[in-house]
Amino acid sequence: MKKRNLFTFLLVLTSPLLWAQQNYFFPKSGNFDPKVPSPEQFLGYPIGTHYTRHDQIVAYFRELERTSGGKAHVEVIGKTYEERPQIILTITSPENYGKLEQIRQKHLTVLDPSKPNLDKNDPVVVLLGYSVHGAETSGGETALLTAYYLAANQSQQTANYLKEAVILIDPSQNPDGRDRAANWHNAYKSFPPVSDPADLEHNQAFPGGRVNHYFTDLNRDWLSAEQIESKNRVDFSHRWYPNVHIDFHEMGTNSTYYFEPTPAGHESPLLPRASYDFNATLAKYHAEALDEIGSLYFTKEAFDNLSPIYGSTYPDFFGAVGVTFEQGSSRGLVQESTSGPVTFAFTVRNHLVTGLATLKGALAEKENLFKLQKDFFKSAVTQGKANPAKGFVFGDSRDVSLTNKLLSLVLRHRLKVYPLNSDLTVEGKKFEKGHAYVVPSEQPFFRIVHSLFEETPKLKDSVFYDNTSWSVAHAYGLAYAKLTSVPSLSEAVTAVPDVKGSVAGGKASLAYLLNWSEYNASRALYYLVSKGVLVKTALKPFTSKTTTGNQKFAYGSLVIPVAGQTISPDSLYALVSEAATKAQVTFAGTTTGFSVEGIDLGSNNIVPIRKPEVALITGSTGGLAEAGQVWFLLNEHLQLPVSKLDVNALGRVSLDRYNVLVLPNGNYRELSKPTADAIKSWVARGGTLITFRTASEWAITQGLLHERAYVDSSATKKGVTTRVDYALKSETDAPKRINGGIFLADIDISNPVAFGLSNRKIYFTKTGTTILLPSKDKYATVAQYLPSSYISGYITKDNIAKINNTASILIGQSGQGKVIAFAEDPTYRHYWHGTNRLFLNAIFYGNLIQLQSGFQGAEEK
């Protein structure tokens, strides 16, 4: 940056006149109510000179509630993992607020095609959501100024906004991440500010502020709703169904400003054309506002708008006009860019004017927005009725845990769902009354039904920003089927059944048994082994005469003998009962070790399970999301205290206290030789190493796993290179990526990694270019993709051909230890429960796998 430009910036930054809110942020806005303090008056510093913490934002909103004369009201909708409140500020006229519930109930009539539409006298509902990526920090400051303007400005235009709209402000959709970023920027800001992009202020250290506590990108979690912030936010959105929903983001510093419309090829085939056309309608107001202050922008060039996983697209699937705003980020107080210095205040101002322009547009287009949403739900019912699959049935009596988990998600999205009234067999799958549910296609929320249960419809483009396949039904790995007709239905389900875990038959004299087919069985297992209970697993199936009758137990079922424990039978019964309650599962008791069928309870094929002591490698390797997914799964599902080890400190850590080491996807090429040797030695002494994607490739190159990764020979072949125009570079290269697709594999359900499964067919999500070749060891390929494995998502034909017949899970032995290599991420975005249970199996059972031939039980005579 030239010295003159930097001097000019510093002069601007320190000039009280220019930084006064009315002069810079509100140059033509008239008078403000002096009883309502501005953010600067309340906080003690001008907006744009310091990053405001979340608690200060909440405090200021509370002050607006106190001083605005009934215009502003704070509601806490939940708490984050780090105990920060998630809040919504509702701003509307005092008259509207006095009848807010009446307004809300009338607004909800848009869901019913038989009810009349709203009219010009009804308020339009606008939601402004900021900083779902916590490091995109201008959102919080924008929320402060937007709320102040609406609460204090005394112009007639603002009075009309409050009279004709209910405005919902979510100032920080990711409070934990935003505070992480704000504290970083404040800690490293300089006096005077430093614009050098290499300065620490502009380069947050691991894990950065983009993600939440569990390293999760919350802008990919709207459909799966796995994180607590997402659950709270989705629940709130269904209380209102806004007409307009704006999602405020930031992008690279060298970019200007982006708002929709979206590129045509990045739109969902499920949504009506009118939904996307309205983006262009509102864009006129956004362009006008930015033109007025001289800010450049672009549209129609980037960002997917086809999946309800996103905060700006999920509302589209409920008839709103969802819009992404992206501002080139200063990532600090000021940073150089190709267009000159980008200041924090400048980024805030751009978001401020587009947010207020949204209100202007929403009021001007109010009746058309009402019509759009009403027509949207009408057309959804018609579209659902015409869908080849008239409905979907899901559920498994052998896995009540996962059945209820999916039912909970279906209800969270407010879908109409009904109990299955009689046994049903579809596509060879048996669904039992009392253990399965039906979701009809013909309903106002059909497009979300489709998103949860169907494969991705045919897409128009080949260049996408993110995953193009998000079906939850495939991810859960739960039995489900498409229906050609809907069976007779009774009353709709409104709540998940309250399952109380128990020990059937009470205290057992010989052993307690639990089928591993229950997803929550792993939670019960960890609770027991953490309490020092001896728990065994069955390497082969058996049928036992339990206290409630004969019962089949599949591979991996738990056996807890009464004898051989270090505690009394009464204490054991108490712990088993506690485990059942915590995991909501039912143990069976037995008085005999003599099985009706299969192995007996004293068999050498029933072996002890060691308590897992798990370490997770994380840090600068780049596998941030996957590390967070593992951390979340082990904490929240198992309540297992996993140790997170910084990859750069591995050389100083003794691995001997752990028996399981997890290497998620990342760059391990920079690991020092001593560190790699330490991992090898640890595995050889009996450790279980679990690797994802590129970590699996690293394990192969290090000789930890004597297998092969696919190498694209076409990249090394000599020959004539086909010329391509430079303008087509993106369209030519981007489709070669594997952003995310669903593939079908065959899995060996007798292998401990697959314990709990009853179906050899299993879905995986494929992201990235790691492809593992099947092992030459006939027992080592646990799961292998089918010859025709592709199911859903945009993947090129060449890539599909490369994936077919390759391995998705390999197992190797190194000394006394095991290496379990996943070609994919089995914990993908938290909701791939069908494969994350395989990862849990690897943790509990990996050390039990024997690849050498020979009977591992009793000694030979």
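Scroll up a little and you will see the structure.
All values reported here derive from a predicted model rather than from experimental measurement.

Asker: Can you walk me through the nonpolar core in this structure?
Answerer: When a protein is soluble and globular, its nonpolar side chains tend to lie buried together. Core analysis: the biggest nonpolar cluster contains 198 residues, and F61, F394, F453 and F587 have the highest contact counts within it. The element best represented in this core is helix α13 (residues 344-364), accounting for ten residues. Once residues within four sequence positions are removed from consideration, F61 is found in contact with V74, I87, L89, A143, L144, A147, I169 and P171. By size, the runner-up hydrophobic cluster in this structure holds 28 residues, among which are L645, L689, L705 and V819.

Asker: Can you help me understand helix α9 (residues 156-164) in this one?
Answerer: Think of an α-helix as 3.6 residues a turn; residues three or four steps apart then line up on the same face. Within α9 the residues assigned to the buried category are T158, Y161 and L162. What you see down the axis of α9 is that its buried residues fit within an arc of 90 degrees, all on one side. The exposed set on the far side of α9, more than 90 degrees from its buried face, consists of Q156 and K163. Of the surrounding elements, those touching the buried residues of α9 are β2 (85-91), α6 (94-98), α8 (138-152), β4 (165-170) and α13.

Asker: Would you mind showing me how to read the pattern of salt bridges here?
Answerer: Pairs may arise between side chains of opposite charge once their charged atoms sit close together. Under the defined criterion, the tally for this structure stands at 39 salt bridges. Between D235 and R412 there is a salt bridge, and its shortest N-O distance comes to 3.1 Å. With D235 in helix α11 (residues 228-240) and R412 in helix α15 (residues 400-412), this residue pair connects regions lying 177 residues apart in the sequence. Judged by relative accessible area, which is 17%, R412 ranks as buried. Between R273 and E267 there is a salt bridge whose closest N-O contact spans 2.8 Å. E267 sits in the buried class, given a relative accessible area of 6%. Salt bridges linked by common partners bring E82, R84, D176, D179 and R180 together as one network.

Asker: Quick question: what am I supposed to make of the side chain of Q227 here?
Answerer: Take Q227: it is sitting in the loop between α10 (175-188) and α11. Residue Q227 is classed as buried on the basis of its relative accessible area, which comes to 0%. Of the polar contacts made by the side chain of Q227, one reaches the side chain of N212; its length is 2.9 Å. Sequence-distant contacts of Q227, defined by excluding residues within four places in its chain, comprise Y81, N212, Y214, T216, L218, D221, F632 and H830.

Asker: Hey, could you run me through the packing of helix α18 (residues 521-530) against helix α20 (residues 624-638) in this one?
Answerer: When two helices pack together, their arrangement is given by the angle between their axes and by how far apart the axes lie. The contact between α18 and α20 brings their axes to 9 Å, and the two run at 80 degrees. As far as their axial angle goes, α20 and α18 are roughly perpendicular. Contacts from S522, R523 and Y526 of α18 reach α20 at E636, H637 and L638. Taken together, the residues of the contact of α18 with α20 break down into two nonpolar, two polar and two charged.

Asker: What is the right way to read the pairing of strand β5 (residues 244-251) from this model?
Answerer: If a strand is regular, its side chains alternate between the two faces of the sheet. Burial analysis of β5 places eight of its eight residues in the buried class, which makes it a mostly covered element. Note that strand β3 (residues 124-130) and β5 share five bridges and pair parallel. Its bridge partner being in β5, V126 is matched across the sheet by V244. Pairing geometry for β5 and strand β7 (residues 321-328), over eight bridges, is parallel. What sits directly across from F248, in β7, is F325.

Asker: It is not clear to me how α13 should be interpreted in this structure. Could you clarify?
Answerer: Helix length check: α13, at 21 residues, gives a terminal C-alpha distance of 31 Å against a target of 30 Å (1.5 Å per residue), a fit within 8%. Along α13, 18 of the 21 residues are buried, which leaves the element largely enclosed by surrounding structure.

Asker: How do you make sense of the sheet that holds strand β15 (residues 480-483) when you look at a structure like this?
Answerer: Sheet strands associate in pairs through backbone hydrogen bonding, adopting either a parallel or an antiparallel arrangement. Judged by pairing direction, the sheet is antiparallel, and its four strands sit side by side in the order β11-β14-β10-β15 without closing on themselves. Edge positions in the sheet fall to β11 (418-419) and β15, since each has one partner strand and no second. As defined by bridge partners, strand β10 (residues 391-394) adjoins strand β14 (residues 437-440) across four bridges and the pair is classed as antiparallel. From the neighbouring strand, F392 faces β14, where its bridge partner is V439.

Asker: How do you make sense of the environment of G340 when you look at a structure like this?
Answerer: If you trace the backbone, G340 turns up in the loop between β8 (334-335) and β9 (342-343). Since its relative accessible area comes to 23%, G340 is described here as partly exposed. On a C-alpha basis, the gap between G340 and N254 in space is 8.9 Å, while along the polypeptide they are 86 residues apart.

Asker: Just checking my understanding: could you explain the sheet that holds β2 for this structure?
Answerer: Across the sheet, which stays open at both edges, the seven strands sit in the order β1-β2-β4-β3-β5-β7-β6 with mixed pairing between neighbours. With one partner strand each, in any of the chains shown, β1 (72-79) and β6 (257-259) form the two edges of the open sheet. On average, each strand axis in the sheet is tilted by 20 degrees relative to the strand beside it, whichever way the strands run. Along the sheet face, helix α12 (residues 273-293) touches β5, β6 and β7 and points at about 35 degrees away from the line of β7.

Quick notes on the rules
Residues numbered from 1 in each chain as written. Predicted model: local features only at pLDDT ≥ 70, side-chain atom pairs only at ≥ 80, totals over all residues. Heavy atoms only, no water. Core = buried A, V, L, I, M, F, W, Y, C linked by side-chain atoms within 4.5 Å. Buried < 20%, exposed > 50% of the residue type's maximum accessible area, 1.4 Å probe, protein only. Helix = DSSP H or I, 4+ residues; strand = E, 2+ residues; numbered from the N terminus. Contact = heavy atoms within 4.5 Å. Arc of directions from axis to C-beta. Salt bridge = Lys/Arg side-chain N within 4 Å of Asp/Glu carboxyl O. Polar contact = N/O pair within 3.5 Å; in protein donor to acceptor, adjacent residues only side chain to side chain. Axes fitted to C-alpha atoms, helices over the stretch in contact; angles between N-to-C directions. Parallel < 35°, antiparallel > 145°, perpendicular 65-115°, else oblique. Nonpolar A, V, L, I, M, F, W, Y, C, P; charged D, E, K, R; others polar. Pairing = 2+ DSSP bridges. Expected span 1.5 Å × (residues − 1).

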